[in-house]
Structure formats: C-alpha cells, structure tokens
Amino acid sequence: MATDLHWLSIAEAAQLIERRELSPVDLVDACLERVEALDGRLNAFITVLADEARVDARGAADEIANGSYRGPLHGIPVALKDIFAVAGAPMTAGSLIFRDVVSEEDSEVTRRLRAAGAIVLGTLNLHEIALGATGINPHTGPARNPWNTGHITGGSSSGAGAAVAAGLCFAGMGTDTGGSIRIPAALCGIAGIKPTFGRVSRRGLLPLSWSLDHAGPLTRNVEDAAIVLQVIAGHDAGDPASSRADVPDYSATLGEGVRHRRIGVPDRYFDDGVDADVQAAFREALRQLEGLGAELSEFSPPHADEMPGALAAIMLPEAFTFHQSAMRERPEDIGEDVRYRLELGAAYPAAEYIQALRFREMLVETWREEVFGEIDLVATATTMVAARPIDQSDLSTTLSLIRNTNPFNLLGTPAISVPCGFTGDGLPVGLQLAGRWFDEATVLRAAYAYESVTDWNSRRPPL
Amino acid sequence: MDQQITREDARSSLIRAGLSASGERLDRLVPGLQIARAAAAALAALEMGYSGPASFRAPPLADVQGIHGN
C-alpha cells in the first residue's frame, strides 16, 4: 500500500475501500500517525479520539468484508469543529467556559456522518466560541497554517482548515456565520462550502447566531465536498430553520460544466482594497472560467455597503444573548477580542437588531430579483488578503477576511471557496462562487469545472 | 447620524444588559458602538417598505377602497 494514504481524495479512497483494496483500519492509522507527527506544530485538534476511531475503523472493515458497504464515506476519517456535539467527547468551543462540557449525544451532522460510515477522529480547534475570523485563540492557541506555520489559518473553523490541508483527515466539518468555512478554506488552499441557510441541520451545534449560522464541509477538492454535503444535507425537525427542500444528487451533475452559465462579477465593494496578489489570482480565475464557456458580466451589488453593519447588528446581539450568563458571571474567562465583541452585542438597541432583520428580508428579495434573476453565479475573491503572520493579525485583518464572505451569510445563499492560486510568498488564495438559494449543485459544478483545469488543489504544503 | 456615543452611553448600555464596565473597557467600546450606530443609521435611511410575511401584508389600496365602497 502506498505510504501517502492521507493524500488520497475521499473519492479515491472510497473506490479502494469498496473494492476491499484498502482497509479503513489502515486509513485511520495513516491519519492518526499524521496527527501524531504534525499536530504538535499545527495545533489543529483539540481532542483526538484515537481509540474510538480505531474501534470504529475495525467495525467498518468488518461490515465491508461482510458485504455491507454503505457508500463513499464508509471508513473515511473525518473530524469536526469543536462546537459539533460528539457523544462522549468534550465540546469546549475553544473556550474556558465550556471546558468541562461532555456531549451526551451526537449532533445531527455527526449522526449523519456516522450513519454513512465515516470515522470520527476527533474535534478541531477554532476561534473561541466561533466568534472571530483569525483562528487566534488565547485558550487553545492558534491553529497554524500548513503552508507557513507562522501564519494564521483563518477562522473560525481554523483547525478544520489546517487538518484537511495537512492531510490529518479527509474532511473537516465547519460552521460559517460570517465566512468561517470559506475563510480557512481559502487561506489553507482547500475547498469549503457554506450551503444554503437551512440546508444542513445545526442541531447539536453550539450556536453563535441562529439567524446566520450555517454548517458545511471543508475538503481537499470539490468532488469530496459534494460527497460530504450529500450526506449531511436534508431536513431535520430538530433544527427550527431546517428546510424541507429536496436534496439533489450533487455528484451526478458535477461534471456538466459551466458552458453558458452566467457569472456575475461585482463592479464594486468586493474588490475594493484587495491585495494585488489576490486580485491577480482572482482575475486569472475569471479568465479560466470564461475559457470554460461561462458568460461573464459585471453587475452592481445591491446594498453591499450596508451589509457588514447589518450582519454585525444581527450576529453580535444573538451571540451575546446566548453567552450572556457567561459574560455576567465569568467575563475574565473569555478572551479579550471575543469579550469585546460580546460587549458590543450587549449594547445594541433592540430597534437596531430588528431593523437589521428587516433589512435582511428586503436584501434577499432585491438580490433574488435584481441579481439572481439575471445571473446564475457570483464570483469574487474569497478574502481580500492571504494568511497574515499570527503576530500581525489584528482587527484590520479580521475585516479583510470577512468583507467578501459575510454578504452571503446575510443572503443565506450557497457559496464555495476553491483554491485559485498562490501569493508570491507561497500562500494560497481562494475563489468564491455563490449561487441561488438551494442551488448548491450549480455552485459545485462551476467550482469543479474550474478546479478541473487548474492544479492548485493538487499542491501540498511543505510540512 | 451625527449623534456621538459617550462613555456614559456605553456604560448605561452595558449595565442594562447586566454587565459591569471599567474605564479602559469603556474607552475601547465607544468607537465600536459609534460605528455600529452609524451602520444602523444607514439601514434606517433605506426605504424598506413592509417586508413581513405575505399573510400579514397590508392589502393593496384598491382593495381597501373596495371595503369602504368607493
């Protein structure tokens, strides 16, 4: 067996497992060895469930040997951001407040992954309570970017970005309230999709902002993202926001390309102040999409300037509402940047929160008619900057990271980030593609088509 | 909106939420609240109309006139 099992894609590993040419036991061992060798440098995991994973891997191997192959996640090692409940495991949220919490049952995402046969390797580092975009956490330490361990991974799903990019697991589950799946995907050179609001259940996740929270996968390529999303998408009565919309077969249409798909490129806001290296990679990605037959046009993004303020006016009061007892009783146990944001949330007048929710409804209708009535996809750079050095990442870094992603949290549309190049310093850059509500299939298809004519996702970090 | 947020505004807001506040923390909070207030003012300036669920939407004027028989 090859020595670099950890670099297989999910699709490749699944084929080998189904043909019984690869045992889940070997695959899990390969990942655990990788974790053992590298996580001291990367700090991607909070809890490693090595014994449980080995037991589950043997169970999967026995099942497959007995002819009960469940599908493409059977025997595949995955890990979840440490705000997804994993039965019997700690769920710290990267916080001192939740340090002693042990989950009694699986989150719905965890349950669906296990039902599909995935092997849970452990829980992943994050920005404290998922309220931040750098991944710098005073309690757990920062997850470190595999492309340069002196740099941030982006967050808040920081450990997922590092773990997947470094080959410690095949998929990392993340959450995205203002960009927290797409930002670490972009900064770590992997794929990450935020599905439509309501597409994936949040039951069993620690909430940050129930009006804006989305759950989704980070993987090393788009095909793998489609495979994982297929398993975790779908209605769950346990999440009040969960949609009953049908879930199509994402993999079945993945290869249909982008010919004659109309891709809109915002003529303002989204490229204001973008770093030159990022801008160059993004513009080259647009040229390649056009070469694939996509029809590009510019459009003026409605109400773009008001979106960040509206997002903050919803997210921060909701975050404070959930964490208010901790803020009153143990504020000194909360990291300074998160405490500051929660204090801002506490101080928002109710009228401003409600106004922002009204704005969101109006925004959705405006974009539905004026933008997605004319085009199929929106393309932007995922972030304005590549990964900054850990010791130079501050509030301005956060703003540079979230500016282009958070509009699609307010809108609730699906949006993916895929690698589209590297800076002169060798740090990854991401292309963001957003589509219509519940049309993840088109988003995945366009991203897959782009990925198929580039080699960015096949490059490996120098670890 | 030109209204300036003061340290006292910030302190009052936090106290209403059950939080205590010290001088340095208040100093840091004031600029953030000022930005938040400006952002909220931008939203308030938009003509958003009524955007609630359709079942609660006010009937068109013609329908209202019909009710009154004119």
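As the structure is a computational prediction, the values presented were derived from the model and not from experiment. (Residues numbered from 1 in each chain as written. Chains lettered and ligands numbered in written order. Predicted model: local features only at pLDDT ≥ 70, side-chain atom pairs only at ≥ 80, totals over all residues. Heavy atoms only, no water.)

**Q** Just give me the short version of the interface of chain A and chain B, but keep the residues and values in it.
**A** Each partner contributes to the interface: chain A provides 23 residues, whereas chain B provides 23 residues. Summed over both sides, the interface between chain A and chain B buries roughly 2,100 Å², with carbon and sulfur atoms accounting for 62% of that surface. Broken down residue by residue, the surface that chain A buries against chain B is led by Tyr340(A), Glu343(A) and Arg358(A), which jointly contribute 23%. Counting across the interface, chain A meets chain B through four salt bridges. For the pair chain A and chain B, the number of links is five residue pairs in polar contact (both at pLDDT 80 or more). Counting residues per element, the ones that place at least two in the side of chain A that touches chain B are helix H9 (307–329), helix H10 (336–347) and helix H11 (350–371) of chain A. Of the residues that constitute the side of chain A that touches chain B, the class distribution is twelve nonpolar, three polar and eight charged. (Contact = heavy atoms within 4.5 Å. Buried area = accessible area lost by both parts, 1.4 Å probe. Salt bridge = Lys/Arg side-chain N within 4 Å of Asp/Glu carboxyl O. Polar contact = N/O pair within 3.5 Å; in protein donor to acceptor, adjacent residues only side chain to side chain. Helix = DSSP H or I, 4+ residues; strand = E, 2+ residues; numbered from the N terminus. Nonpolar A, V, L, I, M, F, W, Y, C, P; charged D, E, K, R; others polar.)

**Q** Describe the confidence of the model for chain B, and please don't skip the residues or the numbers.
**A** Residue and element names in this part refer to chain B. Looking at chain B, pLDDT values average 73 and 63% of them are 70 or higher. Here helix H3 (residues 61–67) is the element of chain B with the lowest mean pLDDT, 45, and helix H1 (residues 7–16) is the one with the highest, 92. Every residue in residues 56–70 is under pLDDT 50, and counting partners more than four places away or in other chains gives five contacts. Taken over the whole predicted complex, pTM reads 0.94, whereas the ipTM for its chain interfaces reads 0.81. (pLDDT = per-residue confidence, 0-100.)

**Q** Summarise the pattern of salt bridges; cite the residues concerned and give the values.
**A** Residue and element names in this part refer to chain A. In total, this model carries 32 salt bridges over all chains according to the counting rule given. The partner of Arg-330 in a salt bridge is Asp-333, and the shortest N-O contact between them spans 2.9 Å. A residue is classified by how much of its surface remains accessible, and Arg-330, at 30% relative accessible area, is partly exposed. Measuring nitrogen to oxygen at the nearest pair gives 3.6 Å for the salt bridge that ties Glu-365 to Arg-368. One end of the pair is Glu-365 and the other is Arg-368, both in helix H11 and three residues apart, which spans about a single turn. Overall, Glu-365 belongs to the partly exposed group, its relative accessible area being 38%. For Arg-368, a relative accessible area of 40% translates into the label partly exposed. Put simply, Glu-105, Glu-108, Arg-111, Arg-112, Arg-203 and Asp-236 are held in one network by salt bridges that share partners. (Buried < 20%, exposed > 50% of the residue type's maximum accessible area, 1.4 Å probe, protein only.)

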